[in-house]
Amino acid sequence: MPWPNTNDFDLTVENIKSDIVCFANAKSVNIEKKSSNSIIVRWADRRDSKEAIFYIEDERVFVEFNSTTLNYRDFIASSYMADMAFAAQRILDVQQCIDIIPGEAIYKDERRSIYDTINRIVKDMTSLDNEKEIDTTKVLFIKGQAGSGKTIAMKFISRKIAEEYLKDKNDYLLFYIDAQGKSLSRIDEAISYAVSQLSFAFQANAIKALARNSLIIPIIDGFDELIGAGGFSEAFKSLSSLLASLNRNGTIIITGRSTFYDDNVLRVAANTQNGDNKINYKLEDITMCEWGEKEIALFIEKKYSYDKEMANFLKKNMKVIYRHSEGTNFRGKPFYIVKILEKMESLLGKTEIYKGVTFDASWYISETIDAYLQREALEKFKDRSGNMILSFEGHLSFLKELALELWWQEKRTIDIDTIESIAEIILEENRVPAEKWNVFIGKVPSYSFFKNSEFPDEKEFENQLFYDYFLALALKELLQNSSKFNLRQFLERSLLPESMIDFYKTVIKNCGINYQNIIEKLCDSVRNSFSGSLSKQNAGTIIACLTDVYNISNQKIKNIAFYGVTFSGKLEEIVFDSCSFQESKLYADFNKCTFDDCKIFKIYLDSRKIFHESKFTNGSICCHSSLSTQRALEKCGAIFETQLEDIKWTPAQKAILNLLKKFLEKTKKRFQFDLNPELEPTLREIVQDRNWETLVSILKRSEILCTRRVPRSGTDPNLYMLSESPDDILLALQYATTIQSSKISKFIELVKAIE
């Protein structure tokens, strides 16, 4: 039966008293029993003394007050008590009008607008016919990744519900409580602050009575941010206290990041104070949906309704950016969309002609990451006094160190202990007072750039592009400040992601660097590396990237592997000494350049570019390129192999080579690996193949498979690595060509010897 009535009259009286106390002056409530089903209640509030008769009829409570009879819920909402109409008007007067598309959400596998979703749930809870949810507080957790629009959606619907309340279209209000980045650690502090800002006709304590009667639905926006301010126990204790005060009634809405929700800490919270049996809640999640092209276009039309030309230009560019950033899970997040539009608008200024102005996906991603990092530093990570704990640069250092740690470990997940250790190092380096460390570290698990890993107690970057971006920033510093030994170690770990190189390109465009020193350092650091090694390929990728940003001149580039790269811009008087080029696009202007003892396989030229006074010397060998490319390079002295024959393999040899291809596919992006199937489960099927012993013997005899002794526990201290590029090996298996190394040639001879 509906609150406050129960099967026990005395308990019903206690429930009524608990509500009236929330509006009355301290110790002013007096109750007198009038009959077996009625009481007289006298009390005083800030305005005057009051008296009312409460009686039960048809299992419902009614109130006689000032010669008027009202049902209990309407009495609590009336101008005599909470004055809900005034509260609705205050919400509209004080809370900013949100000019945005609130978006959609998923609840119980059904997708609809966030407004319809919440409105239906609340009306279902307040329905007298709904017996299922009686005696249970419903906790709705609005979850979504950082920037997914939780806050703007909650502000939007709280205003919309207030408007409908004043038009008698709704009988409840949503009370928005901003807990984000506040110097608060308990929900009651957040509620008191919000009530004081709105100047309602009631005090903060009355929120409990209004929530019990489903007249107000508190929205605690950013509950996960309360946790960092006072620790887990204090924040959850306040949540348990709020749930207990609702006495198994009403609804509350909590918003937080998905990483916080997925850690399942909320389910444990209320049970810690369940001794008096006042807590019984049902937790349900609502997931915010990202915007699509339709929502983005609609938002632009609304925001820029005063300037249709600007709106059309922005819609066109955002459409291109949206489609080119496919696969990024932040391209449809409202926060990012709003920030990038603001940035575009500021760059355009008051220009009336937008022809020729374009914004590419790399620019978009860099700008949005930077905007969100600013938000974390300035708004989210604050101490109890509301001050920023760590500077923007400190946050940046923290994320760069995490990216580097993942790179060194050759992993994409990192355990919480390591994250906290790195945080402590950064906090100490930035001289953050020790008493603020717990606040920062407490919030780190729900950091906007992280998501939960499939492994327990581990996190990973929410998007691969986040990892690439911060690694690119770390690479910039490494190239400028690191020793050649450390740089070589970095380059040997794995193939640099293409998107990371794009970010590096964006980074160095915005700051001056000494590219000559960087090229010299790269060549020097990989000088003793294996031919075609990962370090040489990565060095080649970085150097090719530099040609897209700078006009390179008067430089010697030695022992570098340019595999699958693109040269652009202008190169002048460059000497390529003992370099290899494979599947690369030489789209730059090569002026007075020399290719000395280079090996070139399948390259592409731009007919609009020139090899002016450039030359190939000391037996530089080229093969497998188009006829036009061959003619252009032969004019510069390049020697081309006249015939490329496909190698004929026997069935037994093919079985060995097919196994090799599988092996190279698993290891080509790895610097080192173990051949123990228990330690390397991805290689289990390969090493258990009947041809494995033969293959590994040939790889070792040709010195392509090498051992590397490392300090580690266990009986075998050796790890393995490839001394030749997997791409070079696979290329040599297809063609009878002379440009491969002596090790690959020996490998082919050994395979051919198999009968």
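Everything numeric in this text was worked out from a predicted model, so none of it was measured. (Residues numbered from 1 in each chain as written. Predicted model: local features only at pLDDT ≥ 70, side-chain atom pairs only at ≥ 80, totals over all residues. Heavy atoms only, no water.)

## With respect to the overall build of the protein chain
(1) Moving on: On a plain count of helices and strands, the protein chain comes out with 28 helices and 33 strands.
(2) Moving on: By the burial criterion, 55% of the 755 residues in the protein chain qualify as buried.
(3) Moving on: Pairs at least 24 apart in sequence give 61% of the contacts found in the protein chain among residues at least 6 apart.
(4) Moving on: Approximately 34300 Å² of the protein chain is accessible, and the part contributed by carbon and sulfur atoms is 45%. (Helix = DSSP H or I, 4+ residues; strand = E, 2+ residues; numbered from the N terminus. Buried < 20%, exposed > 50% of the residue type's maximum accessible area, 1.4 Å probe, protein only. Contact = heavy atoms within 4.5 Å. Areas by Shrake-Rupley, 256 points an atom, 1.4 Å probe, with all protein chains shown as cover.)

## Side note on a negative patch on the surface
(1) Moving on: Taken together, the side chains of Glu401, Glu424, Glu428 and Glu429 define an acidic patch exposed on the protein surface.
(2) Moving on: No other element matches the three residues that helix H16 (residues 416–429) contributes to the negative patch.
(3) Moving on: Turning to its location among the elements, Glu401 is positioned in helix H15 (residues 392–409). (Patch = residues over 30% accessible without salt bridge, like charges linked within 9 Å, V, L, I, M, F, W, Y side chains within 5 Å. Salt bridge = Lys/Arg side-chain N within 4 Å of Asp/Glu carboxyl O. Lys, Arg positive; Asp, Glu negative; His and termini not counted. Charge placed at Lys NZ, Arg CZ, Asp CG, Glu CD.)

## Details of the pairing of strand S5 (residues 68–71)
(1) Moving on: In the sheet, strand S4 (residues 60–65) pairs with S5 via four bridges, with the strands oriented antiparallel. Within S5, the residue paired with Phe62 across the bridge is Asn71.
(2) Moving on: Hairpin connection, S4 to S5: the antiparallel pair is bridged by two residues, and Asn66 has positive phi, about 50 degrees. (Pairing = 2+ DSSP bridges.)

## Points about the packing of helix H24 (residues 651–667) against helix H28 (residues 742–752)
(1) Moving on: Packing of H24 against H28 leaves a shortest axis separation of 9 Å and a crossing angle of 140 degrees. One element, H24, and the other, H28, form an angle in the oblique class. Residue-level contacts link Gln653, Leu657 and Leu660 of H24 to Phe747, Val751 and Lys752 of H28.
(2) Moving on: The class makeup of the residues in the contact of H24 with H28 is four nonpolar, one polar and one charged. (Axes fitted to C-alpha atoms, helices over the stretch in contact; angles between N-to-C directions. Parallel < 35°, antiparallel > 145°, perpendicular 65-115°, else oblique. Nonpolar A, V, L, I, M, F, W, Y, C, P; charged D, E, K, R; others polar.)

## As for the sheet that holds strand S24 (residues 599–601)
Hydrogen bonds between backbone atoms are what pair the strands of a sheet, whose relative direction is either parallel or antiparallel.
(1) Moving on: One open sheet holds the five strands; their spatial order is S17-S20-S24-S28-S29, and the pairing between them is parallel. In this open sheet, the two strands that pair with only one neighbour each are strand S17 (561–563) and strand S29 (639–640).

## Here we look at the pattern of salt bridges
(1) Moving on: Under the defined criterion, the tally for this structure stands at 20 salt bridges.
(2) Moving on: The shortest N-O distance in the salt bridge between Lys108 and Glu284 comes to 3.6 Å. Taken together, the positions of Lys108 in the loop between strand S6 (104–107) and strand S7 (110–113) and Glu284 in strand S12 (residues 281–288) put the pair 176 residues apart, joining distant regions of the chain.
(3) Moving on: Notably, a salt bridge pairs Glu301 with Lys315, separated by 2.9 Å at the nearest N-O pair. Note that Glu301 is positioned in helix H11 (residues 293–303) and Lys315 in helix H12 (residues 308–324), a separation of 14 residues in sequence.
(4) Moving on: Classification of Lys315 by relative accessible area gives partly exposed; the value is 22%.

## Brief notes about empty space enclosed by the protein
Where empty space is left can be seen by rolling a probe of water-molecule size over the atoms.
(1) Moving on: By the definition in use, this model includes six cavities of 30 Å³ or more.
(2) Moving on: Counted as a void, the second largest cavity has a volume near 50 Å³.
(3) Moving on: Forming the boundary of the second largest cavity are Asp224, Glu225, Arg257, Lys380, Phe381, Lys443 and Ser446.
(4) Moving on: Here the residues of the lining of the second largest cavity are counted per class, giving one nonpolar, one polar and five charged. (1 Å grid on protein atoms, 1.4 Å probe; cavity = no way out; pocket = protein on both sides within 12 Å on 5 of 7 lines; lining within 4 Å. Points joined across faces, edges and corners; volume = space filled by probe spheres on them.)

## Considering the nonpolar core
(1) Moving on: Counting 100 residues, the largest nonpolar core has Phe398, Phe449, Phe461, Phe470, Tyr504, Phe576 and Phe581 as its most contacted members.
(2) Moving on: Ranked by residues supplied to this core, first place goes to helix H18 (residues 464–481) with 12 residues.
(3) Moving on: Excluding residues that lie within four positions of it along the chain, Phe398 makes contacts with Ile419, Ile422, Ala423, Ile426, Val444, Tyr447 and Phe450.
(4) Moving on: In this structure, Ile187, Leu210, Ala211 and Phe223 belong to the second largest nonpolar core, which totals 65 residues. (Core = buried A, V, L, I, M, F, W, Y, C linked by side-chain atoms within 4.5 Å.)

## Some thoughts on the sheet that holds strand S10 (residues 216–221)
(1) Moving on: Taken together, seven strands build an open sheet; the order of strands is S7-S6-S12-S8-S11-S10-S9 and the sheet is mixed. At either margin of the open sheet sits one strand with a lone partner, and together these are S7 and strand S9 (173–178). Taking each pair of neighbouring strands and ignoring which way they run, the sheet shows an average axis angle of 25 degrees.
(2) Moving on: By the bridge criterion, seven bridges tie strand S8 (residues 137–144) to S12 in an arrangement that is parallel. Considered in S12, the bridge of Val139 is made with Leu283.

## A look at the packing of H18 against helix H20 (residues 498–509)
(1) Moving on: In the contact formed by H18 and H20, the axes pass within 8 Å of each other and the chain directions differ by 55 degrees. By the angle between their directions, the pair H18 and H20 is classed as oblique. Crossing of H18 over H20 shows right-handed handedness. Between H18 and H20, the residues in contact are Leu465, Asp468, Tyr469, Leu471, Ala472, Leu473, Leu475, Lys476 and Leu479 and Ser499, Met500, Phe503, Tyr504 and Val507, respectively.
(2) Moving on: Of the residues that constitute the contact of H18 with H20, the class distribution is 11 nonpolar, one polar and two charged. (Left-handed = near helix turned anticlockwise from the far one by under 90°.)

## Re H24
(1) Moving on: Over its 17 residues, H24 runs 24 Å from end to end, which matches the ideal 24 Å to within 8%, given 1.5 Å per residue.
(2) Moving on: Here H24 has its buried residues at Gln653, Ile656, Leu657, Leu659, Leu660, Phe663, Leu664 and Thr667. Taken down its axis, H24 places every buried residue within 160 degrees of arc, on the same side. Along H24, exposed side chains directed more than 90 degrees from the buried face belong to Pro651 and Glu665. (Expected span 1.5 Å × (residues − 1). Arc of directions from axis to C-beta.)

## Observations concerning the packing of aromatic side chains
(1) Moving on: Tallying each qualifying case throughout the model produces 42 aromatic pairs.
(2) Moving on: On the basis of an interplanar angle of 10 degrees and a centroid distance of 4.9 Å, the ring pair of Phe590 and Phe611 is categorised as stacked. Remark: Phe611 occurs in strand S26 (residues 611–612) and Phe590 occurs in strand S22 (residues 589–591); sequence separation between them is 21 residues. Across the pair, exposure class does not vary: Phe590 and Phe611 are buried alike.
(3) Moving on: Stacked on the ring of Tyr115, the Lys or Arg Lys160 has its end atom at 5.1 Å from the ring centre. (Phe/Tyr/Trp six-rings, centres within 6.5 Å; stacked < 30°, edge-to-face > 60°. Lys NZ or Arg CZ within 6 Å of the ring centre and 35° of its normal.)

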